[in-house]
Amino acid sequence: MRNLSILLLVLASPAWAGSFDRPIPQAQSATAEFWFAAGSIALLVALGAVHWLVSRR
């Protein structure tokens, strides 16, 4: 059991770890910007409708 724990410590050492490459953010496409704008406008319209319904009570 002791040999197994030593083997696991050796195998899990940082020397075996690969280097971390940070991801590079990609630019948004025009389609993504359009759908984000459409979703934002829909959210504002929904909030306006909720405000109108709640204020009537």
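A few points on the structure. Every value quoted in this text rests on a predicted model; they were computed, and no experiment measured them.

Before going further, it helps to spend a moment on the overall build of the protein chain. Check the secondary structure of the protein chain and you find two helices and zero strands. A total of 57 residues make up the protein chain; the buried ones form 0% of that total. Counting only carbon and sulfur atoms, one obtains 70% of the accessible surface of the protein chain, whose full area is about 5900 Å².

Here the focus is the packing of aromatic side chains. For the coordinates displayed, the defined rule picks out one aromatic pair. Each ring, one from Phe 34 and one from Trp 35, has its centre 5.1 Å from the other, and the planes form 70°; the classification is edge-to-face. Here Phe 34 and Trp 35 have matching classes, each one exposed. Lying across the ring of Trp 52, Arg 56 places its NZ or CZ 4.8 Å from the centre.

Rules used throughout
Residues numbered from 1 in each chain as written. Predicted model: local features only at pLDDT ≥ 70, side-chain atom pairs only at ≥ 80, totals over all residues. Heavy atoms only, no water. Helix = DSSP H or I, 4+ residues; strand = E, 2+ residues; numbered from the N terminus. Buried < 20%, exposed > 50% of the residue type's maximum accessible area, 1.4 Å probe, protein only. Areas by Shrake-Rupley, 256 points an atom, 1.4 Å probe, with all protein chains shown as cover. Phe/Tyr/Trp six-rings, centres within 6.5 Å; stacked < 30°, edge-to-face > 60°. Lys NZ or Arg CZ within 6 Å of the ring centre and 35° of its normal.

Nothing here speaks to function; it is geometry throughout.
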